[in-house]
Amino acid sequence: MAAAQDPIPSEALPPRWGLAERRDERFTYRHSRPPIELIAEVTAADRSHPGLGLCRCWELRYRYFLADRAISESIGRVSTQRAAVDGLLECMHRIHDTVSAADDPFAVREVLHSVSLSDLVPSGLPASSE
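Report on the accompanying structure. (Residues numbered from 1 in each chain as written. Predicted model: local features only at pLDDT ≥ 70, side-chain atom pairs only at ≥ 80, totals over all residues. Heavy atoms only, no water.)

**Observations regarding the pattern of salt bridges**
Here's step 1: Enumeration according to the criterion identifies 10 salt bridges in this entry.
Here's step 2: The partner of Arg63 in a salt bridge is Glu37, with the nearest N and O atoms 2.5 Å apart. With a gap of 26 residues between them, Arg63 in strand β4 (residues 56–66) and Glu37 in strand β3 (residues 36–44) connect regions that are remote in the sequence.
Here's step 3: One salt bridge connects Glu90 with Arg94, and the closest N-O pair in it is separated by 3.0 Å. Of the two residues, Glu90 and Arg94 both sit in helix α1 (residues 81–98), 4 residues apart, roughly one turn of that helix.
Here's step 4: Judged by its relative accessible area of 34%, Glu90 falls in the partly exposed class.
Here's step 5: Looking at Arg94, the relative accessible area reads 27%, which means it is partly exposed.
Here's step 6: Ionic contacts of the salt-bridge type, sharing partners, join the residues Glu21, Arg23, Arg26, Glu41 and Arg61 into one network. (Salt bridge = Lys/Arg side-chain N within 4 Å of Asp/Glu carboxyl O. Helix = DSSP H or I, 4+ residues; strand = E, 2+ residues; numbered from the N terminus. Buried < 20%, exposed > 50% of the residue type's maximum accessible area, 1.4 Å probe, protein only.)

Structure follows, in structure tokens:
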């Protein structure tokens, strides 16, 4: 992916979502109402299955704002940047399709906990050809 290219093209984003931050190993998308951020960031794969042989992976998180503080929670981890992009886009669409414009971080939390990243993660080791 070229450095100047956004991870998700703006025309693919649901309404009221926009890129807030882009670095080599982290990108953040922000929604205006309810105020929420979806973050994908490279992290150590210390909790991944040893059979995957990963030393790093992408963690998807969301951050919402209550009064004077920000609360951040994990959505899950995926093995590639492409899976992180696909995962964030799925989360954005779910929020757009199911959460009203009212400030309700708890409804957003319920929606994001229902997103399955299993389609974006390898189901196991390929069969060996012995």
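This is not the end of the story, as more comes after the structure.
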